[in-house]
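Residue-level listing of the chains:
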Amino acid sequence: MTLQRGRSFTPRDVEGAPRVALVNEKLARQFYAGDNAIGKQIRIANKDKAMPWMTIVGIVKDTRHVGPLRDAMLEIHVPYPQYRS
């Protein structure tokens, strides 16, 4: 992941610390168009369960996982120590 703005994860982003996330440029454009996504709250949710709210601390470059002809997908990255709890 190439950091575009904000910060990356640090050793302080552990279980019990305030929850943080990195999002990709596509997600930032789609949900925070014309605004700065850094500092905003976000969470991952589906019909059965929702993760706790996280603060966006950085924006990473879009990655095309499927190939160069497919658009990037929306991505949220969380530090592993915070994800497991």
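Residues numbered from 1 in each chain as written. Predicted model: local features only at pLDDT ≥ 70, side-chain atom pairs only at ≥ 80, totals over all residues. Heavy atoms only, no water.

Student: Please explain the overall build of the protein chain as it appears in this structure.
Tutor: From N to C terminus, the protein chain includes two helices and five strands. From first element to last, N terminus to C terminus, the protein chain shows the α and β order β-β-α-β-β-β-α. Since a compact globule built from 85 residues should have a radius of gyration of about 12 Å, the 13 Å found for the protein chain is in line with a globular shape. Oriented by its inertia axes, the alpha-carbon framework of the protein chain measures out at about 40 × 30 × 25 Å. Each of the 85 residues in the protein chain was classed as buried or not, and the buried ones make up 28%. At a minimum sequence separation of 6, the contacts of the protein chain that also span at least 24 residues come to 64%. (Helix = DSSP H or I, 4+ residues; strand = E, 2+ residues; numbered from the N terminus. Rg over C-alpha atoms; globule rule 2.2 N^0.38 Å. Buried < 20%, exposed > 50% of the residue type's maximum accessible area, 1.4 Å probe, protein only. Contact = heavy atoms within 4.5 Å.)

Student: Looking at this structure, I do not really get the pairing of strand β4 (residues 54-60). What am I missing?
Tutor: Regular strands place side chains that alternate from one sheet face to the opposite one. With six of its seven residues buried, β4 lies for the most part within the structure. Here strand β2 (residues 20-24) runs beside β4; their pairing, made up of five bridges, is parallel. Its bridge partner lying in β4, alanine 21 is registered against isoleucine 56. Summarising the sheet, strand β3 (residues 41-42) and β4 pair through two bridges and their orientation is antiparallel. Its bridge partner being in β4, glutamine 41 is matched across the sheet by threonine 55. (Pairing = 2+ DSSP bridges.)

Student: Could you clarify how one ought to interpret the pattern of salt bridges in this entry?
Tutor: Two side chains of opposite charge can pair, provided their charged atoms sit close to one another. For the structure on display, the rule yields three salt bridges. The partner of aspartate 13 in a salt bridge is arginine 7, and the shortest N-O contact between them spans 2.9 Å. Residue aspartate 13 is classed as buried on the basis of its relative accessible area of 7%. Residue classification places arginine 7 among the partly exposed residues on the basis of a relative accessible area of 31%. Note that aspartate 35 is salt-bridged to lysine 40, the shortest N-O span being 3.1 Å. Judged by its relative accessible area of 46%, aspartate 35 falls in the partly exposed class. (Salt bridge = Lys/Arg side-chain N within 4 Å of Asp/Glu carboxyl O.)

Student: Whenever I open this one, the nonpolar core confuses me. Can you help?
Tutor: Grouped burial of nonpolar side chains is what soluble globular proteins tend to show. Among the nonpolar cores identified, the biggest contains 11 residues, and these are Ala21, Val23, Leu27, Ala28, Tyr32, Ala37, Ile42, Met51, Met54, Ile56 and Ile59. For this core, the secondary structure elements donating two or more residues are β2, α1 (25-31) and β4. Of the residues forming this core, the biggest block, three residues, is contributed by β4. Ignoring anything within four residues of it in the chain, the contact list for isoleucine 59 reads Thr2, Leu3, Gln4, Arg5, Val23, Asn24, Glu25, Ala28, Ala37 and Ile38. (Core = buried A, V, L, I, M, F, W, Y, C linked by side-chain atoms within 4.5 Å.)

Student: Honestly, the side chain of glutamate 75 in this entry has me stumped. Any pointers?
Tutor: Examined against the element boundaries, glutamate 75 turns out to sit in the loop between β4 and β5 (76-77). The charged side chain of glutamate 75 is buried without a salt bridge, its nearest counter-charge being lysine 26 at 9.6 Å. A distance of 3.1 Å separates polar atoms of two side chains, one belonging to glutamate 75 and the other to histidine 77. Filtering out sequence-adjacent residues up to four positions away, glutamate 75 remains in contact with Leu22, Val23, Asn24, Leu27, Thr63 and His65. (Lys, Arg positive; Asp, Glu negative; His and termini not counted. Polar contact = N/O pair within 3.5 Å; in protein donor to acceptor, adjacent residues only side chain to side chain.)

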